[in-house]
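Remarks on the overall topology
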Amino acid sequence: MANNHRTVKNVTQGVMNRIFAFFARHLFPAQLRMPFYKAMGVKVGKGSKIAASVEIDMSAPELITIGKNVWVTRGVMLLCHQRDLSFYEVGKPVMDCPLKFAPINIKDGVHVGIGSIIMPGVTIGEGAVIGAGSVVTRDIPPYCVAVGVPAKVIKTLENK
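Read on for an overview of the structure.

Attention now goes to the sheet that holds strand E15 (residues 144–147). Strand order across the open sheet formed by six strands is E2-E5-E10-E13-E15-E16, with mixed pairing between neighbours. Across the chains shown, the open sheet's two edge strands, defined by having one partner strand only, are strand E2 (49–50) and strand E16 (152–156). Where strand E10 (residues 111–112) lies against strand E13 (residues 129–130), two bridges are found, and the strand directions are parallel. Opposite His111, over in E13, you have Val129 as the bridge partner.

Here is the structure:
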């Protein structure tokens, strides 16, 4: 749904996604949430858990892929769109800039800490840990710890 055309079909899907999101955000335990995220179009691997109060981008949930055995903790935001500021200029309202869409890919075994924000176009490598409150603006390699705003790798895990 990367275009801005409103059709009956995509408005209906948007309404359904918001209903699914309500249940997904509030059901307990986490296993009960997964069918609702999948119904929205989010691809969720086996054994993954999405905590309560996670915000999934309603504009394009089908652009989100979550691998196996991933833990997305409370208050995380997964965003698949943002304003394209390459069109921004003096005197022009920023809201007139078009939206650009890009997928989020969270690989197997990732842990996304409380309150983190994952921006459009990001891939988080297998086994990576994203620290609480981090803003992930670029790809994160496998098996490392990344923290901060913007998120930076502070530790790389080695095979023993």
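The next point concerns unusual backbone geometry. Cis peptide bonds are those with omega within 30 degrees of zero, and the linkage from Val149 to Pro150 qualifies with -5°. Looking at where Pro150 falls in the secondary structure, it is placed in the loop between E15 and E16. The backbone of Ser53 sits at a positive phi, close to 65°, despite the residue not being glycine. Relative to the helices and strands, Ser53 resides in the loop between E2 and strand E3 (55–56). Take Ser53: its relative accessible area is 23%, and that puts it in the partly exposed class.

As judged from the two bridges shared by E13 and E15, these two strands associate in the parallel manner. The residue bridging Ile130 from the neighbouring strand is Ala146, located in E15. Looking at chain direction, E15 and E16 are connected through four bridges and run antiparallel. Bridging across to E16, Val145 finds its partner in Lys155. Hairpin connection, E15 to E16: the antiparallel pair is bridged by four residues, and Gly148 has positive phi, about 105°.

A separate point is the sheet that holds strand E1 (residues 43–44). Picture the strands of a sheet paired through backbone hydrogen bonds; they go either parallel or antiparallel. Taken together, four strands build an open sheet; the order of strands is E1-E4-E9-E12 and the sheet is parallel. For this open sheet the edge positions go to E1 and strand E12 (123–124), each flanked by a neighbour on one side alone. Note: strand E9 (residues 104–106) against E12, two bridges, orientation parallel. Bridge pairing in E12 places Ile106 opposite Ile124.

A cluster of nonpolar side chains, contributed by Val11, Val15, Met16 and Ile19, occupies part of the molecular surface with about 300 Å² of accessible area. Relative to the helices and strands, Met16 is located in helix H1 (residues 8–26). Judged by its relative accessible area of 34%, Met16 falls in the partly exposed class.

Parameters at a glance
- Residues numbered from 1 in each chain as written.
- Predicted model: local features only at pLDDT ≥ 70, side-chain atom pairs only at ≥ 80, totals over all residues.
- Heavy atoms only, no water.
- Pairing = 2+ DSSP bridges.
- Helix = DSSP H or I, 4+ residues; strand = E, 2+ residues; numbered from the N terminus.
- Buried < 20%, exposed > 50% of the residue type's maximum accessible area, 1.4 Å probe, protein only.
- Patch = residues over 30% accessible without salt bridge, like charges linked within 9 Å, V, L, I, M, F, W, Y side chains within 5 Å.
- Areas by Shrake-Rupley, 256 points an atom, 1.4 Å probe, with all protein chains shown as cover.
- Salt bridge = Lys/Arg side-chain N within 4 Å of Asp/Glu carboxyl O.

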